[in-house]
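Descriptive analysis of the structure
Chain residues, written in single-letter form:
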Amino acid sequence: MESYKILVCGDIGGNFQQLYKRVATVNKSNGPFHLLLCVGAFFEPFSASHDSNQSEQNQNDQDQDGEQNKISFPKELQSYKDDKEVIPIPTYFIAYTPTDYKYIEKFSNENGEICKNLTYLGKSGIKDLMGLNVAYLSGKVDYPIKEESNDSMTIIKTDIEKLINDSKDKKIDIFLSNQWARGVLNNVQSGIPTFLKTPYKIGMDSIKEVVQSTNPAYHFSKNSFYFQRPPYLNHSNETKVTRFLSLAPVYNEKKEKYLFAMNYQPAKEVTTNDATLNPFERRQNNNDNSEQHTQKKQRNTEETTTNFFFGNNVNTEQDNQQENKNQRKRQHGDNNNQQNRHHERHQKKFQMHQQKPKPQQQNCWFCLSSPDVDSHLVVTIANDCYLAFPKGGVVDHHLLIVFIEHKANYISLDQSEKDDINKMINILREFFDKRGQDIVVFERNSFLKGAIAHGHLQVIPIPKSLSSKVKSKFIEHSTENNMEFKELPENDNALNDKYFLLILPNGEKLYSTLPQKSDYQFGRKVMVDLLGTPEKLNWKDCMVSKEEEMNQTASFRDEFQPFYDEKNPSNDDDD
Ligand SMILES: [Zn+2]
């Protein structure tokens, strides 16, 4: 029976001598190996302190050629290039950083060859390596995935589509990517590293899309630690299960495993005894609850569903429902959206598996995994909350901090969730401060008919000249609304079912109990009064086209994300 002895390696980061020394040892004891595959940063280490800042600067540099000339051929590979030594094993790699790409541009030939036995696989595609189909994705994908990018190492939508398309009718033996598939740790009972704060959220949806469509026998990725998942059932009759492994960097202080050796026998009968269910889908016994069934159910409950993206800003529930329908019509009419919806249905399944489904969550406009979420409005996703634009904001950068879990209000969150939200508020406050603005944050908590709302906080940036007037303006409006603002004690036990929480520009927290009948628009009303923009009271008058919404979100993300990353380094997904 045909068998292939293969080595797979995590971030090399320029440590070629260390790597090939190790390879030589392994080759002697267990070899010979036929192939070395590499994921992660290849030429230089990827770390915030080391080269990512530099490479980002380089990217923005107008004098690209000048920058490129500064890159010299890696010393540790020089003797191979000069044919003084031979790389002991055919080595194929994907790239990770823009710096990697600069080396490739400068030093590889048209076949991606850097020197004998060392070849760059490419951005996205499938290559036949000694009779094995190896699928690969270089670079990184953002969430949501970009349609286009000037950055050579940003994976865009067409890269994913090309890969999936190329894999049609092919058995994929190996898939290489720098990021994990989102949700891959679902259905794993033990062995998940305890230092991962949010293991079930690790990974990217686009990578999930690839593994769900290509069903590789092996999926190799990387992280700052070594991890091997038990095999999971996939959709292919040939590969049957996918084995996911994530490798540590070659240089790592904890001596985590960076080199994986296997004897791959493609024709060997695959046993599924030790396989878990597919981590990206609901349990099999729920399969009768098919897509169609779910859609039908959605239509039936449509009338009673609240569109929460609109919900904060609307006048009446009737308006709400009408807009809800219009929105659906638009979505169904738009072919481009079909793909999104397909993609999002995957997300939904993922979540339904993750959490016990509650009826009102299925149509939630705020659950990230819901098919109804307006993903083009999502700016960035933190651990326990995400940042998004509302529809028809009251100012240009009116934002929402939305809980990731479907929980009704701030008080129902656990401490780590609250901490994550307060962290986001603080980062936003600093961010807008640099732009000469302060932020007003508020939350209106009130149960909607029977359904548990998906909680979120409104964030409205204002000119600093108005900051001192915020408190008095809210107090002024409170009397006519039968509300009374009080200082919130350090513990937030004072908050009960119906409250309005207000966070002033200086961070001071006030709250008021809401009367039996309260104005949905209270917060917005006060804000338009404060800002002197009464024409912005009705959110509908502030609506912009979907295209503008997308641009608005993307351009804000471009400014905010680097600032956020700087304030919030280390993410489970990265080194
Ligand atoms: Zn929700």
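This report concerns the structure included in the present document. As the structure is a prediction and not an experimental result, all values here were calculated from the model. (Residues numbered from 1 in each chain as written. Predicted model: local features only at pLDDT ≥ 70, side-chain atom pairs only at ≥ 80, totals over all residues. Heavy atoms only, no water.)

**Points about the packing of aromatic side chains**
Scanning the entire structure with this criterion turns up 34 aromatic pairs. Measuring from centroid to centroid gives 5.3 Å for phenylalanine 431 and phenylalanine 432, while their planes differ by 85 degrees, and the two rings are edge-to-face. The burial state of phenylalanine 431 is the same as that of phenylalanine 432; both residues are buried. Between the aromatic rings of phenylalanine 560 and tyrosine 564, the centroid separation amounts to 5.8 Å while the plane-to-plane angle is 35 degrees, which identifies the pairing as tilted. Here phenylalanine 560 pairs with tyrosine 564, and both are found in helix H15 (residues 546-567), just four residues apart, close to one helical turn. Tyrosine 564 shares its class with phenylalanine 560; the two are buried. One aromatic cluster is present, built from ring pairs that chain together Phe16, Phe42, Phe43, Phe73, Phe93, Tyr103, Phe107 and Tyr120. Directly above the aromatic system of phenylalanine 195 lies the positively charged group of lysine 254, at a separation of 5.7 Å from the ring centroid. The ring of tyrosine 520 carries the charged tip of arginine 444 above its face, separated from the ring centre by 4.6 Å. (Phe/Tyr/Trp six-rings, centres within 6.5 Å; stacked < 30°, edge-to-face > 60°. Buried < 20%, exposed > 50% of the residue type's maximum accessible area, 1.4 Å probe, protein only. Helix = DSSP H or I, 4+ residues; strand = E, 2+ residues; numbered from the N terminus. Lys NZ or Arg CZ within 6 Å of the ring centre and 35° of its normal.)

**Focus on the sheet that holds strand S3 (residues 91-93)**
Pairing is mixed in the open sheet, where six strands are placed in the order S4-S5-S3-S2-S1-S15. Strands at the two margins of the open sheet, each flanked by one partner only, are strand S4 (113-115) and strand S15 (259-264). Here the strands of the sheet are splayed against their neighbours by 25 degrees on average, with no regard to which way each runs. Across two bridges, the pairing between S4 and strand S5 (residues 118-120) is antiparallel. Bridge pairing in S5 links cysteine 115 to leucine 118. (Pairing = 2+ DSSP bridges. Axes fitted to C-alpha atoms, helices over the stretch in contact; angles between N-to-C directions.)

**Points about the nonpolar core**
Membership of the largest hydrophobic core comes to 39 residues, with the highest contact counts inside it found for Leu137, Phe175, Trp180, Leu185 and Tyr386. Those elements that place two or more of their residues in this core are strand S7 (132-137), strand S8 (140-146), helix H6 (157-166), helix H7 (205-214), strand S17 (385-388) and strand S18 (399-403). Formed jointly, this core draws a minimum of three residues from each of two domains, domain 1 (4-264) and domain 2 (284-567). (Core = buried A, V, L, I, M, F, W, Y, C linked by side-chain atoms within 4.5 Å. Domains from an automatic or database assignment.)

**Here's the deal with the pairing of S17**
Both faces of S17 are covered, namely the face carrying Cys385 and Leu387 and the face carrying Tyr386 and Ala388. Taken together, the three bridges between strand S16 (residues 378-381) and S17 define a ladder with antiparallel strand orientation. Across the sheet, the residue bridging to threonine 380 is leucine 387, located in S17. Across four bridges, the pairing between S17 and S18 is antiparallel. From the neighbouring strand, alanine 388 faces S18, where its bridge partner is leucine 400.

**Details of the packing of H6 against H7**
Orientation of H6 relative to H7, taken along the N-to-C sense of each, is 10 degrees, at an axis distance of 10 Å. Taken together, H6 and H7 sit at an angle that is classed as roughly parallel. For the pair formed by H6 and H7, the contact residues are Ile160, Leu163 and Ile164 on the first element and Ser206, Glu209, Val210 and Ser213 on the second. Each residue belonging to the contact of H6 with H7 can be placed in one class, and the counts come to four nonpolar, two polar and one charged. (Parallel < 35°, antiparallel > 145°, perpendicular 65-115°, else oblique. Contact = heavy atoms within 4.5 Å. Nonpolar A, V, L, I, M, F, W, Y, C, P; charged D, E, K, R; others polar.)

**Here we look at the sheet that holds strand S19 (residues 437-445)**
Taken in spatial order, the eight strands line up as S16-S17-S18-S20-S19-S22-S23-S21 in an open sheet, and their pairing is antiparallel. Each edge of the open sheet carries a strand with a single partner, namely S16 and strand S21 (486-487). The pairing of S19 with strand S20 (residues 456-463) spans six bridges and is classified as antiparallel. Across the sheet, isoleucine 439 pairs through a bridge with proline 461, a residue of S20. Those strands touched by helix H14 (residues 522-531) are S19, S20 and strand S22 (499-503), and its axis lies near 5 degrees from that of S20.

**As for the environment of asparagine 111**
With respect to the element layout, asparagine 111 can be found in the loop between helix H5 (98-107) and S4. Residues asparagine 111 and glycine 122, 11 residues apart in the sequence, show an inter-C-alpha distance of 9.2 Å. Filtering out sequence-adjacent residues up to four positions away, asparagine 111 remains in contact with Thr119 and Tyr120.

**A few points about the environment of arginine 429**
Note that arginine 429 resides in helix H12 (residues 415-433). Placed 76 residues apart in sequence, arginine 429 and proline 505 show a C-alpha to C-alpha distance of 7.9 Å.

**Quick word on the pattern of salt bridges**
All told, the structure shown has 21 salt bridges when counted by the stated rule. Among the ionic pairs, aspartate 166 bridges to lysine 162, the shortest N-O distance being 3.2 Å. Placement of both aspartate 166 and lysine 162 in helix H6 is noted, with a separation of four residues, approximately one turn of the helix. Classification of lysine 162 by relative accessible area gives partly exposed; the value is 40%. Linking lysine 471 and glutamate 508 is a salt bridge whose minimum nitrogen-to-oxygen distance equals 3.2 Å. Note that lysine 471 is positioned in helix H13 (residues 470-480) and glutamate 508 in the loop between S22 and strand S23 (509-513), a separation of 37 residues in sequence. Among the residues examined, glutamate 508 registers a relative accessible area of 23% and is labelled partly exposed. (Salt bridge = Lys/Arg side-chain N within 4 Å of Asp/Glu carboxyl O.)

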